[in-house]
Amino acid sequence: MTITVAIIGSGPAGFYTADALVNGGCDVQVDIIERLPTPYGLIRGGVAPDHQTTKKVARKYEQTALFEQVRYFGNVEVNKDVSLAELREMYDAVVLAVGAPSDRKLTIPGADKAGVHGSAAFVGWYNGHPDFRDLEPDLNIRAAVVIGNGNVALDCARVLVRSREGMAGADIAAHAMAMIETAPLTDVYLTGRRGPLDAKFTNVELRELGELERAVPLARAEQLPDSVPDDMDPRDKRLAERNLANLRDYATNDPDAKPKRIHFEFFAQPVAILGDDRVEAVSFERTRVVDGRAEGTGELFEIPCGLVIAAIGYRSDPIEGAPFDDKAGIIPNRDGRVDDGLYAVGWIKRGPTGVISSNRPDGVTVAEYICQDFKAIAENGGGKPGRAALAPVLEERGVRVVNFDDWKKIEAAEVARAEGSGNPREKFVTVPEMLKVLDA
Ligand code: NAP
């Protein structure tokens, strides 16, 4: 007998789990349930549009979707179209792979002013995620502040200053490119509450800022240490040394070399967003780093700006029917096990850190657990019906399921729309537009 598995979420964690299940030692039937018509989660909606090499992994996910054991149920929202409790009745195992789609909140005074956006929203907007189509950030500004020193902060700063030519070959949403291209923005401040050695930038991403067509990165020599401490973990030390070398280069750059600038501002803890209804400046307190923590020095300074992107990390949302640790922002689990027949993988399991491939081991581990936990039950004929129960329920409720062939039609229409532009696709950015392709 077959073990029936529902995976909720079609991002990297979901697909790695599906792949590990199919290639594991058990007879499985795997259904991937996704709220949007389009698959691939962060690959489509999070990874920067000018990082097409990273997005190529979607081809591997496509191979997984095409296994005969796997079926894609797009445009199906759990706890709206079908509840988690119902899925647990229908399937032997349910795997939560829903990621961390929300922003960690900036809680300083003024953070609710117009012109302040979280990075999940801003990244979703430029990537054409339907949830953020209407964000329409006001880019009729001269300066922007990005808060945070992670790779998402780098992505936001870089995308803000790119030109249409620089974005050739990317799949940025058309509405975002049009606004970014014509924005009078000249200065982006990339601010970190700690120092250059504490930044979470990876080398390639930091180096990339030195190669932009119309922006020059600038660091301040007096904020850069002479060397990296010897007692650092060797891997972290190598990363910090390379980042420091890049920042030293950036400290010698000519601010007028290109029309736009990205300024690194370290030791800067945001304390308030200033302005009337709209942001006009960010007030910072200068810090020093003591035992790895930012400590305020009492010195305040302001950076005038018309836009703030808080790239201070993502957060998972609670799911009705599953436990949630609100403080940690994850589903409490033991190495991916949540409850009988309920598992978690990816960012909802361990928090929003790591690169795309970091999700693979989560999937492998949970696939092994599922195989162990259900092999005997399935062999004794006790398995649950899986899709044989789900499909009629969705039909009865009038849910318009987008299957993988449907997605391929939507994708083909996106590719056709981009023909002649040199870009891989022009995304549809609303669900009705996507579904209309299927009606044609
Ligand atoms: P991240 O790497 O955790 O960085 C978050 C940044 O926000 C840190 O600099 C952190 O400072 C700062 N921060 C947090 N709370 C703050 C507060 N209240 N005030 C001021 N600063 C605050 O998160 P991320 O940039 O969202 O990235 C998420 C994951 O995706 C990371 O693992 C990242 O590497 C990965 N990613 C990778 C790529 C790529 O490989 N190209 C691209 C995008 C994302 P502290 O360090 O002081 O806490």
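For the structure, check the block above.
Please read all numbers here as calculations on a predicted model, not as lab measurements.

Engineer: Tell me about the overall build of the protein chain, and name the residues and values.
Structural biologist: From N to C terminus, the protein chain includes 15 helices and 17 strands. Computed over C-alpha atoms, the radius of gyration of the protein chain comes to 23 Å, within 12% of the 22 Å expected from 2.2 N^0.38 for 440 residues, which places it in the range of a compact globule. Expressed as a percentage of the 440 residues in the protein chain, the buried residues total 54%. At a minimum sequence separation of 6, the contacts of the protein chain that also span at least 24 residues come to 74%. Total accessible area on the protein chain is roughly 19,500 Å²; 48% of this is exposed by carbon and sulfur atoms. Mean positive and mean negative side-chain charge positions of the protein chain (53 and 68 charges, respectively) differ by 2 Å.

Engineer: Before we move on, can you summarise the state of the cysteines with the specific residues and values?
Structural biologist: Scanning the entire structure with this criterion turns up 1 disulfide. Sulfur-sulfur distance for the disulfide between cysteine 26 and cysteine 371 comes to 1.9 Å. Residues cysteine 26 and cysteine 371 are joined through a disulfide that is right-handed, its torsion about the S-S bond being 80 degrees. Here cysteine 371 lies in helix 12 (residues 359-379) and cysteine 26 lies in the loop between helix 1 (12-22) and strand 2 (28-33), a separation of 345 residues in the sequence. As a non-bridged cysteine, cysteine 305 has cysteine 156 as the owner of its nearest cysteine sulfur, 14 Å distant.

Engineer: Give me the pairing of strand 11 (residues 268-274): which residues, what numbers.
Structural biologist: Here 6 bridges tie strand 11 to strand 12 (residues 281-290), and the two strands are oriented antiparallel to one another. Directly across from proline 270, in strand 12, lies its bridge partner phenylalanine 284. Counting the residues in the hairpin turn of strand 11 and strand 12 gives 6 residues, including glycine 275, whose phi is positive at 135 degrees.

Engineer: Mind laying out the packing of aromatic side chains, listing which residues take part and the relevant values?
Structural biologist: With the rule as written, the count across this model stands at 13 aromatic pairs. Taken together, a centroid distance of 6.0 Å and an interplanar angle of 20 degrees make the contact between phenylalanine 264 and phenylalanine 266 stacked. For the pair phenylalanine 264 and phenylalanine 266, one class covers both residues: buried. Ring centres of phenylalanine 284 and phenylalanine 301 lie 5.4 Å apart, and the angle between their planes is 20 degrees; this geometry places the pair in the stacked category. Of this pair, phenylalanine 284 sits in strand 12 while phenylalanine 301 is found in strand 13 (residues 293-304), placing the two residues 17 residues apart along the sequence. Of the two residues, phenylalanine 284 and phenylalanine 301, both sit in the buried class. The structure contains a cluster of three or more aromatic residues connected by ring pairs, namely Phe15, Tyr16, Tyr40, Tyr61 and Trp407. Of note, arginine 337 hangs over the ring of tyrosine 369, and the distance from its end group to the ring centre comes to 3.9 Å.

Engineer: Help me get a handle on the side chain of lysine 113, residues and values and all.
Structural biologist: As for its placement among the helices and strands, lysine 113 is situated in the loop between strand 5 (102-103) and strand 6 (116-118). Although buried, lysine 113 forms no salt bridge, and the nearest oppositely charged side chain, aspartate 112, lies 5.6 Å from it. Filtering out sequence-adjacent residues up to four positions away, lysine 113 remains in contact with Ile273, Leu274, Gly275, Asp276, Asp277, Arg278 and Val279.

Engineer: Just give me the short version of helix 1, but keep the residues and values in it.
Structural biologist: Summarising burial for helix 1: 11 of the 11 residues are buried, a large majority. Along helix 1, the residues classified as buried are Pro12, Ala13, Gly14, Phe15, Tyr16, Thr17, Ala18, Asp19, Ala20, Leu21 and Val22.

Engineer: An account of the packing of helix 1 against helix 12 is needed here, citing residue identities and associated values.
Structural biologist: It is the contact of helix 1 with helix 12, at a shortest axis distance of 8 Å, that shows an interaxial angle of 45 degrees. As the angle between them shows, helix 1 and helix 12 are arranged oblique. In this structure, helix 1 crosses over helix 12, and the sense of that crossing is right-handed. Counted together, Pro12, Ala13, Tyr16, Thr17, Ala20 and Leu21 of helix 1 and Asn359, Arg360, Gly363, Val364, Val366, Ala367 and Ile370 of helix 12 form the full contact between these two elements. Classifying every residue of the contact of helix 1 with helix 12 by side-chain character gives 9 nonpolar, 3 polar and 1 charged.

Engineer: Before we move on, could you go through the site of the ligand and cite the residues and values that matter?
Structural biologist: Near the ligand lie 20 residues; those nearest to it are Asn149, Arg193, Arg194, Glu205 and Gly354. Arginine 194 places a side-chain nitrogen or oxygen 2.8 Å from an oxygen atom of the ligand. Taking lysine 200, its side chain carries an N or O atom lying 3.4 Å from an oxygen atom of the ligand. Within the complex, 83% of the 920 Å² of free accessible area of the ligand lies under protein. In terms of residue count, helix 7 (residues 151-161) provides more of the shell around the ligand than any other element does, 3 residues in total.

Engineer: Give a description of the environment of glutamate 241 that names residues and reports values.
Structural biologist: Mapping glutamate 241 onto the fold places it in helix 10 (residues 234-251). Since its relative accessible area comes to 38%, glutamate 241 is described here as partly exposed. Placed 14 residues apart in sequence, glutamate 241 and serine 227 show a C-alpha to C-alpha distance of 7.7 Å.

Engineer: Account for the nonpolar core, naming residues and giving values.
Structural biologist: Formed by 51 residues in total, the largest nonpolar core has its most connected members in Val188, Leu190 and Phe264. If you list the elements that add at least two residues to this core, you get helix 6 (119-126), strand 7 (143-147), helix 7, helix 8 (174-182), strand 8 (187-191), helix 10, strand 10 (260-265) and strand 14 (307-310). Broken down by element, this core gets its largest block of residues, 7 residues, from helix 7. Contact partners of valine 188, with chain neighbours within four places excluded, come to Ala144, Val146, Ala157, Leu160, Val161, Arg261, Ile262 and His263. Counting residues in each nonpolar core, the second largest holds 46 residues, with Ile43, Val70, Ala93 and Phe428 among its members.

Quick notes on the rules
Once a new chain begins, its residue numbering starts again from 1 and follows that chain's sequence as written. Note on the predicted model: pLDDT of at least 70 is required for a residue's local features to be given, and 80 or more for side-chain atom pairs to be given and counted; whole-chain, interface and lining totals, by contrast, use all residues. For the side-chain quantities, the full set of heavy atoms in the structure was used; hydrogens and water were omitted. Counting from the N terminus, the helices are DSSP H or I runs at least four residues long and the strands are E runs at least two residues long. Every radius of gyration here is taken over C-alpha atoms, with the globule rule written as 2.2 Å times N^0.38, N being the number of residues. Partly exposed describes any residue whose relative accessible area lies between the buried limit of under 20% and the exposed limit of over 50%, with all areas from a 1.4 Å probe on protein chains only and scaled to the type maximum. The contact definition used throughout considers only heavy atoms, calling two residues in contact when any of these lie within 4.5 Å. To be clear on the numbers: accessible area is Shrake-Rupley with a 1.4 Å probe, and residue cover counts the displayed protein chains and nothing else. Charged residues are defined narrowly, with Lys and Arg counted positive, Asp and Glu counted negative, and His plus the chain ends left uncounted. For the purpose of locating charges, the reference atoms are NZ of Lys, CZ of Arg, CG of Asp and CD of Glu. Note on terminology: disulfide denotes any pair of cysteine sulfur atoms within 2.5 Å. Note on pairing: two strands pair once DSSP finds at least 2 bridges between them. Each aromatic pair joins two rings of Phe, Tyr and Trp (for Trp, the six-membered one) with centres within 6.5 Å, and gets the label stacked for planes under 30 degrees apart, edge-to-face for over 60, and tilted for any other angle. In our convention, an over-ring charge means Lys NZ or Arg CZ found within 6 Å of a ring centre and within 35 degrees of that ring's normal. Whenever Lys or Arg places a side-chain nitrogen within 4 Å of a carboxyl oxygen from Asp or Glu, that contact is recorded as a salt bridge. Geometry is summarised by axes, namely lines fitted to C-alpha atoms with helices restricted to the contacting stretch, and by angles between N-to-C directions that run from 0 to 180 degrees. Orientation categories follow fixed angle ranges, with anything under 35 degrees roughly parallel, anything over 145 roughly antiparallel, 65 to 115 roughly perpendicular, and all other angles oblique. Here a crossing is called left-handed whenever its near helix is offset anticlockwise from the far helix by less than a right angle, and right-handed whenever the offset is clockwise. Note on residue classes: Ala, Val, Leu, Ile, Met, Phe, Trp, Tyr, Cys and Pro are nonpolar, Asp, Glu, Lys and Arg are charged, and everything else, Gly too, is polar. One heavy atom within 4 Å of a molecule or strand is enough for the residue carrying it to be called near that molecule or strand. For this analysis, a polar contact is any N or O atom pair within 3.5 Å, provided that within protein one partner can donate a hydrogen and the other can accept it, and provided that sequence-adjacent residues contribute only side-chain to side-chain pairs. The set of buried Ala, Val, Leu, Ile, Met, Phe, Trp, Tyr and Cys residues whose side-chain atoms join them within 4.5 Å is what this entry labels a nonpolar core.

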